[in-house]
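# Architecture at a glance
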Amino acid sequence: ETGVTQTPRHLVMGMTNKKSLKCEQHLGHNAMYWYKQSAKKPLELMFVYSLEERVENNSVPSRFSPECPNSSHLFLHLHTLQPEDSALYLCASSQGEGNSYEQYFGPGTRLTVT
Amino acid sequence: AQSVTQLDSQVPVFEEAPVELRCNYSSSVSVYLFWYVQYPNQGLQLLLKYLSGSTLVKGINGFEAEFNKSQTSFHLRKPSVHISDTAEYFCAVSEQGAQKLVFGQGTRLTINP
């Protein structure tokens, strides 16, 4: 595997379910990000982890819970979601100590909440 | 706070015609600038970036962009587009030294034969 991978690619869940999204980066980066991409809206940064510590939480509802057990893995735990949470969830990584902080993205998980 | 405005939500172009996708940003400090492309059902892929130096930046797939500090713009251009360039294009900015990227709303480029 190369780059940034995300699983599952598609997920349908009911509002009472609990599920998790997984992201793994194979680039040796030390920062990871979760974004939400909804139709007709700009990408919304949800969480930033640097060296496995959460450094940013953009007022995301508590029904989204991130976890970063090491610099290569990032999870997004989901529970009691709402239909408006249906979106494409993108994971990204970057080399935080570099000069450019360009981010490399995974293919995303298409989430549908019913 | 930084912000990015992509002036066109959709741009239809005929194949082999030139194209320009416009991006303006606002920031009170020095910035890095990026263009990403998103093909259907995929994540974002970096097309090119401006960090410093020459204001004309060349990227993948024949795209280039020019940084204009006085106009706070970073427009993306390609002299001759191909059907395979059909995608969504995102301009993004980050403050130098910061990890956070701020994205524009995206421009959907549609290439007609």
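Here the structure is a predicted model, which is why all the values come from computation and not from measurement. (Residues numbered from 1 in each chain as written. Chains lettered and ligands numbered in written order. Predicted model: local features only at pLDDT ≥ 70, side-chain atom pairs only at ≥ 80, totals over all residues. Heavy atoms only, no water.)

Taken together, the contacts link 21 residues of chain B with 23 residues of chain A. Buried surface at the junction of chain B and chain A, summed over both partners, amounts to about 1700 Å²; 54% is from carbon and sulfur atoms. Counting the contacts that link chain B with chain A gives one salt bridge. Close ionic contact of Lys 49 of chain B with Glu 102 of chain A constitutes a salt bridge, the shortest N to O distance being 2.0 Å. Secondary-structure elements contributing two or more residues to the side of chain B that touches chain A are β5 (31-38), β6 (44-50) and β10 (87-95) of chain B. The dominant element in the side of chain B that touches chain A, judged by the number of residues it contributes, is β5 of chain B, at four residues. When the residues that make up the side of chain B that touches chain A are grouped by side-chain class, the tally is ten nonpolar, nine polar and two charged. (Contact = heavy atoms within 4.5 Å. Buried area = accessible area lost by both parts, 1.4 Å probe. Salt bridge = Lys/Arg side-chain N within 4 Å of Asp/Glu carboxyl O. Helix = DSSP H or I, 4+ residues; strand = E, 2+ residues; numbered from the N terminus. Nonpolar A, V, L, I, M, F, W, Y, C, P; charged D, E, K, R; others polar.)

All names here are of chain A. The sheet built from four strands is open, its strands ordered β1-β3-β8-β7 with antiparallel pairing. What marks the edges here is a single partner per strand, and that holds for β1 (4-7) and β7 (64-70). Neighbour to neighbour, the strand axes of the sheet diverge by 20 degrees on average, direction disregarded. Where β7 lies against strand β8 (residues 73-79), five bridges are found, and the strand directions are antiparallel. Across the sheet, residue Phe 64 finds its bridge partner in β8, namely Leu 78. (Pairing = 2+ DSSP bridges. Axes fitted to C-alpha atoms, helices over the stretch in contact; angles between N-to-C directions.)

With that settled, consider the side chain of Ser 94 of chain A. Mapped onto the elements of the fold, Ser 94 of chain A is located in strand β9 (residues 87-94). With relative accessibility at 0%, the residue Ser 94 of chain A sits in the buried group. Ignoring any residue separated from it by four or fewer positions in sequence, one finds Ser 94 of chain A in contact with His 29, Asn 30, Ala 31, Tyr 33, Tyr 101, Glu 102 and Gln 103 of chain A together with Gln 99 of chain B. (Buried < 20%, exposed > 50% of the residue type's maximum accessible area, 1.4 Å probe, protein only.)

Of the voids in this model, the largest pocket is the one considered here, and its volume is about 640 Å³. As for the largest pocket, its lining consists of 24 residues, and the residues nearest its centre are Gln 37 and Ala 39 of chain A together with Gln 38, Glu 88 and Arg 108 of chain B. Looking at which element gives the most residues to the lining of the largest pocket, the answer is β10 of chain B, with three residues. Taken together, the residues of the lining of the largest pocket break down into seven nonpolar, eleven polar and six charged. (1 Å grid on protein atoms, 1.4 Å probe; cavity = no way out; pocket = protein on both sides within 12 Å on 5 of 7 lines; lining within 4 Å. Points joined across faces, edges and corners; volume = space filled by probe spheres on them.)

Right, let's get into the nonpolar core. One finds Trp 35, Leu 48, Leu 76 and Tyr 89 of chain B to be the most contacted residues of the largest nonpolar core, which totals 29 residues. Look past the residues within four positions of Leu 48 of chain B in its chain and what remains in contact with it is Leu 33, Phe 34, Trp 35, Val 57, Lys 58, Gly 59, Phe 63, Glu 64, Ala 65, Phe 74 and Leu 76 of chain B. Formed by 22 residues, the second largest nonpolar core is a distinct cluster that contains Met 13, Leu 21, Trp 34 and Val 113 of chain A. (Core = buried A, V, L, I, M, F, W, Y, C linked by side-chain atoms within 4.5 Å.)

As enumerated under the stated definition, the model contains two disulfides over all chains in all. Two residues share a disulfide in this structure: Cys 23 of chain B and Cys 91 of chain B, whose sulfurs sit 2.0 Å from each other. Residues Cys 23 of chain B and Cys 91 of chain B share a disulfide whose torsion about the S-S bond is about -70 degrees; that sign makes it left-handed. Highlighted residues: Cys 23 of chain B in strand β4 (residues 23-26) and Cys 91 of chain B in strand β10, separated in sequence by 68 residues. Judged by relative accessible area, Cys 23 of chain B falls into the buried class, the value being 0%. This cysteine, Cys 68 of chain A, is not joined by any disulfide, and Cys 91 of chain A carries the nearest cysteine sulfur, 9.0 Å off. Looking at Cys 68 of chain A, the relative accessible area reads 11%, which means it is buried. (Disulfide = S-S within 2.5 Å.)

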